[in-house]
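Residues per chain are reported as follows:
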Amino acid sequence: MQLIEAFKLALQSLWANKMRSILTLIGVIMGVASVIMVITMVQGANRYVSTKLSGYGADVFTITRMSSVIFTPEEYFKFQKRKIVRMEDYQAIREGCTECSEVGALLNKSTNVVANGKSSNNTGVRGYTWTMLSLNNVDIALGRGFTPADDEHATKDVIVGYDIVDNLLPDGDPIGKEIRVDGIPYTIIGVGDRQGKTLGQSQDNWVAIPITTYQQIYGYNDSVDIYARANGDAQVMERAKDQARVIMRARRHNAPGQPDDFEIETNDTFLDIWKQISSLFAAVVLGLASIALVVGGVVIMNIMLVSVTERTREIGVRKALGAKQRDVLLQFLIESGFLALIGGAFGVLGGILVGKIITVVIGFPTAVPLWAIFLGLFLATSVGIFFGVYPASKAAKLDPVVALRAEM
């Protein structure tokens, strides 16, 4: 039997039982849609994180009291026992790290901002040294950034994100206008460029004040995050990190052989940790999605067994007319595989659609790699063929005489 003829017979059979075929496909559609949705979300999140981190530059590293990612309560309590990183540490790094071209310090918290009788909620207040704008990848869209004089004199100047402008100061030029942060008046000297949303959360709901002003208002007991940019390639980066580590260990009196009681992290550190987390998440969800695929395959096998029973006389006639076992086997395998392939196609479309809806509704980034589409179709077809082997084999082994005696 020619392959094309087998496809035609398979299509005729599926078309003759449209409703049953559609119901049979539900399991495969759900399984493939789940696989595609997870892959698009993980790929989108990976791409977003990589883009954001690359924006900080591969030559920037941070020195903090606590790790950026904490997996266990024990780690959290261990980090909490560490001494805080102070502005004096920042000064020491700035003066002693000869391989660093730029050093900055950051403090932050959340509060409300008031202007024109309106108030913003959960606005991030950042205490910046004047170098932090470039180290934190913030471009100034209007006005100017901070200067060393702002740090030195603890001015009441403020740089704001676009949410403050859009929600509190929508009319006219915001430069020179006054806003109140925790009841204290500040004068706007600049507006940061738009950052958009991450996971549905706006990245423009922030204000930045000089870090010296921040400490005068909120106290000196919060741990400072130090940012440093290496003055060269990867080798210089390693030397800069080593210099910073030596300075910090000396200042914190870490004994020889004792682990660091602070964290030095780079973009690669963040990216590696993120990929570990996203891979684990994807493995768990894909494992759950595979259950739907197996259920879909069992349903296909069941329906194909019913089909073999219903078409026993047809099989007997074909064998009586010269069809061989492999012809019958091929016909039923094509039917089951084609049935699952159609389900896979709908599952791919469904997974992409759900991913895009999630992006629109909550802002979670998604990306659809081409290989994921082929993977979804391959998985669906494989499931169909695998679970179609037993019914096809049963049909192929039917005795033509016995099959022709079967009742319609």
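The sections below set out a description of the structure shown in this document. Since this is a predicted model, take the numbers as computed values, not measurements. (Residues numbered from 1 in each chain as written. Predicted model: local features only at pLDDT ≥ 70, side-chain atom pairs only at ≥ 80, totals over all residues. Heavy atoms only, no water.)

Helix and strand counts for the chain come out as 14 helices and twelve strands. Over its C-alpha atoms the chain spans a radius of gyration of 32 Å, topping by over 25% the 22 Å that the globule rule assigns to 408 residues. Considered along the principal axes of its C-alpha atoms, the chain spans approximately 100 × 60 × 35 Å. Split into buried and exposed, the 408 residues of the chain put 45% on the buried side. When contacts within the chain are restricted to residue pairs at least 6 apart in sequence, those whose partners lie at least 24 apart make up 78%. Here the chain has roughly 20800 Å² of accessible surface; of this, 61% comes from carbon and sulfur atoms. Charge centroids of the chain, computed over 39 positive and 39 negative side chains, lie 10 Å from each other. (Helix = DSSP H or I, 4+ residues; strand = E, 2+ residues; numbered from the N terminus. Rg over C-alpha atoms; globule rule 2.2 N^0.38 Å. Buried < 20%, exposed > 50% of the residue type's maximum accessible area, 1.4 Å probe, protein only. Contact = heavy atoms within 4.5 Å. Areas by Shrake-Rupley, 256 points an atom, 1.4 Å probe, with all protein chains shown as cover. Lys, Arg positive; Asp, Glu negative; His and termini not counted. Charge placed at Lys NZ, Arg CZ, Asp CG, Glu CD.)

This next bit is on the nonpolar core. Grouped together as the largest cluster of nonpolar side chains are 44 residues, with contacts concentrated most on Phe61, Ile63, Ile93, Val160, Ile179 and Val207. Discounting residues that sit within four places of it in the chain, Val160 has contacts with Val165, Ile179, Ile188, Gly190, Val191, Gly192, Trp206 and Val207. (Core = buried A, V, L, I, M, F, W, Y, C linked by side-chain atoms within 4.5 Å.)

Here the focus is the environment of Lys275. Mapped onto the elements, Lys275 comes out in helix α10 (residues 267-310). The sequence separation of Lys275 and Gln325 amounts to 50 residues, and the corresponding C-alpha distance is 50 Å.

Where strand β2 (residues 100-115) lies against strand β11 (residues 225-230), six bridges are found, and the strand directions are antiparallel. Bridge pairing links Ala105 to Ile226 in β11. Direction of pairing for β2 relative to strand β3 (residues 118-128): antiparallel, over a ladder of nine bridges. Opposite Val113, over in β3, you have Ser120 as the bridge partner. In this antiparallel pair of consecutive strands, β2 and β3, the connection spans two residues, and Asn116 shows a positive phi of 55°. In this structure, β2 lies alongside strand β6 (residues 178-181), joined through two bridges in antiparallel fashion. For Val113, the partnering residue across the bridge sits in β6 and is Val181. (Pairing = 2+ DSSP bridges.)

Let us look at the pairing of β11. Among the six residues of β11, five are classified as buried, and the element is accordingly described as predominantly covered. Both strand β1 (residues 60-64) and β11 contribute to a ladder of four bridges, which runs antiparallel. Bridge assignment links Phe61 to a residue of β11, and that residue is Ala228.

A few words on the packing of helix α12 (residues 325-362) against helix α13 (residues 370-396). Where α12 contacts α13, the axes come no closer than 7 Å and their chain directions differ by 150°. Classified by the angle between their axes, α12 and α13 sit roughly antiparallel to one another. Every pair of crossing elements has a handedness; the one defined by α12 and α13 is right-handed. The class makeup of the residues in the contact of α12 with α13 is 17 nonpolar, nine polar and no charged. (Axes fitted to C-alpha atoms, helices over the stretch in contact; angles between N-to-C directions. Parallel < 35°, antiparallel > 145°, perpendicular 65-115°, else oblique. Left-handed = near helix turned anticlockwise from the far one by under 90°. Nonpolar A, V, L, I, M, F, W, Y, C, P; charged D, E, K, R; others polar.)

Taken as a whole, this structure holds three aromatic pairs when the rule is applied. Residues Tyr214 and Tyr218 carry aromatic rings whose centres are separated by 4.8 Å and whose planes lie at 55° to one another, so their mutual orientation is tilted. Placement of the pair is Tyr214 and Tyr218 together in helix α8 (residues 211-218), with a separation of four residues, close to one helical turn. The exposure classification of Tyr214 matches that of Tyr218, with both residues buried. (Phe/Tyr/Trp six-rings, centres within 6.5 Å; stacked < 30°, edge-to-face > 60°.)

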